[in-house]
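# What the coordinates show
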Amino acid sequence: LSPVFVEFFVSAPGKVILHGEHSVVHGKVALAVSLNLRTHLRLQSTSSGDVRINLPNIDTFLSWEITALQPLLAGCGGEWRWIFELDGDLLKRLREFTGISDDSTDTRSMAVLAFLYMYLTVFAKSLASITVSVWSELPTGAGLGSSAAYNVCLSAALLSARGAISSPLTPQQESARWSKEEMELINRWAFMGEKIIHGNPSGVDNAVGTWGGFLRYHAGNITPLSWVPILRILLTNTKVPRSTKVLVSGVKDKINKFPSIMNPILESVSAVSCTCEKTLTEMAVHGPSPEHYNILEELIDINQHHLNVMGVGHSSLDTLCRVTLARGLHSKLTGAGGGGCGITLLRPETDTSVIQSTIDELKACGFDCWETSIGAPGVQQHSSAALSQDILKILNSY
Ligand SMILES: Nc1ncnc2c1ncn2[C@@H]1O[C@H](COP(=O)(O)OP(=O)(O)OP(=O)(O)O)[C@@H](O)[C@H]1O
Ligand SMILES: C[C@@](O)(CCO)CC(=O)[O-]
Ligand SMILES: [Mg+2]
């Protein structure tokens, strides 16, 4: 355990995908941006001989004796090392130990499996007695990257507690970030958690959770987009539950079944992402014009149709598109779809009364709806003084 470590707070943002969800899993371009909603984690060293996890969002409070976990590492070799491929044997032993089946997509099971896997691989031969509490402002399983924010927080906190990366916060600071190399490590470790929860993630969500800001993601390459205009976005949570793992695997089945039909769709979505990026750059350089917004709106419509072709639409998302279009606003699903969240682009000239009546009508449909702010910083370490009293109260109550 890192000698300086007793208590540790970290947070990571959720994300919205502007364009490229699903296609990005198949090597196409995606554009994504961090949200001002964050997941917070508190890690404490204890002397109980247990590892404990408190996940109040999903009503999960569990602990294991370290001596009971130790034998799971028996087949993992002697020395501690960086492992960036999922260790299938360890995962199998963990599934047997926890009684979680291969095909489980259950919220609690996935969170527990990702936590235990990361804990065991990060601490390896010197398992530490710790308590981890996680609280998120993000809705769980709604397309806003809650799994990635969870995995990024776990990765950063566990790696720091293990002493594998620094604790960047100095006594004078309220929040601090890690070095580029350390962030790359946090991102890679979080990606393994995503593999456990998602099955076949592209890595875009954990990249945004780690780096924050506006990113272009293409086949593992992350490019921060510094030239983007300020965009106003309305977020709608249809509250229809869905699993990213199931949706991603459904799209893969469709591609395998109809490759000549589906591959051009993926290619077209990639072109939508590239055209959107080009338009955003022009808007930042020359100033936004109504024509730019017309293009952005058309791209949203085209992509939403493509996502429906992929089979990840939902009647609740159709309702979102219809209600907003009646007021001249354009929407698409964001994240894995199948319910969950959608985004609506607001134009600079969109009247406040129009926005309010749209929000009211969407709420009357049973949805949550709010104007969001995007581009928040990526993963950070915090002092307790940096956290709001509400969040501290939740994290400190376990
Ligand atoms: N605050 C949290 N506490 C515990 N587990 C969480 C939390 N947030 C997310 N998870 C885990 O992540 C899973 C949700 O991941 P999933 O990928 O299905 O949705 P998402 O990440 O919200 O959406 P998307 O991947 O489409 O952006 C949950 O089932 C749970 O296992
Ligand atoms: C659906 C998907 O493209 C985005 C989920 O937020 C899956 C992924 O990229 O891992
Ligand atoms: Mg996810």
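Whatever comes next refers back to the structure up there.
We now turn to the structure provided with this report. The shown structure was predicted, so the numbers you read here are calculated from the model rather than taken from an experiment.

### Focus: the packing of aromatic side chains
Remark: the centre distance and the inter-plane angle together describe each pair of aromatic rings, the angle taken between the planes. One pass over the full model with this rule turns up 4 aromatic pairs. Centroid distance F61 to Y398: 5.3 Å. Interplanar angle 35 degrees. Geometry classified as tilted. Linking F61 in strand β4 (residues 60–65) with Y398 in the segment after α12 (389–396), this pair joins segments that are 337 residues apart in sequence. Residue Y398 is classed as partly exposed on the basis of its relative accessible area of 35%. Centre to centre, the rings of F115 and Y119 are 6.0 Å apart; their planes meet at 20 degrees, and the pair counts as stacked. With F115 and Y119 both in helix α3 (residues 107–123) and 4 residues apart, the pair spans about one turn of that helix. For Y119, a relative accessible area of 0% translates into the label buried. Ring pairing ties together the aromatic residues W64, F115, Y119 and F123, which thus form one cluster.

### As for the coordination of the magnesium ion (ligand 3)
Coordination sphere of the magnesium ion (ligand 3), protein contribution only: S147 (OG) and H198 (NE2), at 2.1 to 2.3 Å. Here the residue S147 occupies a position in helix α4 (residues 146–162), and H198 occupies one in helix α5 (residues 180–198), the gap between them amounting to 51 residues. Comparing S147 with H198, the two get one shared label, buried.

### Here's the deal with the pairing of strand β11 (residues 341–346)
With 6 of 6 residues buried, β11 is to be regarded as a mostly interior element. Examined bridge by bridge, strand β9 (residues 232–237) and β11 share 6 bridges and lie antiparallel to one another. Paired with I233 across the bridge in β11 is L345. The pairing of strand β10 (residues 330–333) with β11 spans 4 bridges and is antiparallel. Residue pairing in the sheet places S331 in a bridge with T344 of β11.

### With respect to the environment of F8
Relative to the helices and strands, F8 is located in strand β1 (residues 7–19). Sequence separation of F8 and C274 is 266 residues, and the distance between their C-alpha atoms is 40 Å. Not counting the four nearest positions on each side in its chain, F8 is found in contact with L41, R42, L43, A157, S160, S167, W178 and Q381.

### Quick notes on the site of ligand 1
The local shell around ligand 1 holds 24 residues, among which K15, T107, S146, H198 and R242 are the closest. Within the complex, 96% of the 630 Å² of free accessible area of ligand 1 lies under protein. Every element with two or more residues in the shell around ligand 1 is listed here: α3, α4 and α5. Taken together, the residues of the shell around ligand 1 sort by class into 9 nonpolar, 12 polar and 3 charged.

### Some details on the pattern of salt bridges
By the definition in use, this model includes 14 salt bridges. Measuring nitrogen to oxygen at the nearest pair gives 2.6 Å for the salt bridge that ties E7 to R42. Here R42 lies in strand β2 (residues 30–45) and E7 lies in strand β1, a separation of 35 residues in the sequence. Taken together, the salt bridges that share partners define one network made up of E297, R347 and E349.

Cut-offs applied
Residues numbered from 1 in each chain as written. Chains lettered and ligands numbered in written order. Predicted model: local features only at pLDDT ≥ 70, side-chain atom pairs only at ≥ 80, totals over all residues. Heavy atoms only, no water. Phe/Tyr/Trp six-rings, centres within 6.5 Å; stacked < 30°, edge-to-face > 60°. Helix = DSSP H or I, 4+ residues; strand = E, 2+ residues; numbered from the N terminus. Buried < 20%, exposed > 50% of the residue type's maximum accessible area, 1.4 Å probe, protein only. Donors = N, O, S within 2.8 Å, 3.2 Å for Na, K, Ca; no water. Pairing = 2+ DSSP bridges. Contact = heavy atoms within 4.5 Å. Near = heavy atom within 4 Å. Areas by Shrake-Rupley, 256 points an atom, 1.4 Å probe, with all protein chains shown as cover. Nonpolar A, V, L, I, M, F, W, Y, C, P; charged D, E, K, R; others polar. Salt bridge = Lys/Arg side-chain N within 4 Å of Asp/Glu carboxyl O.

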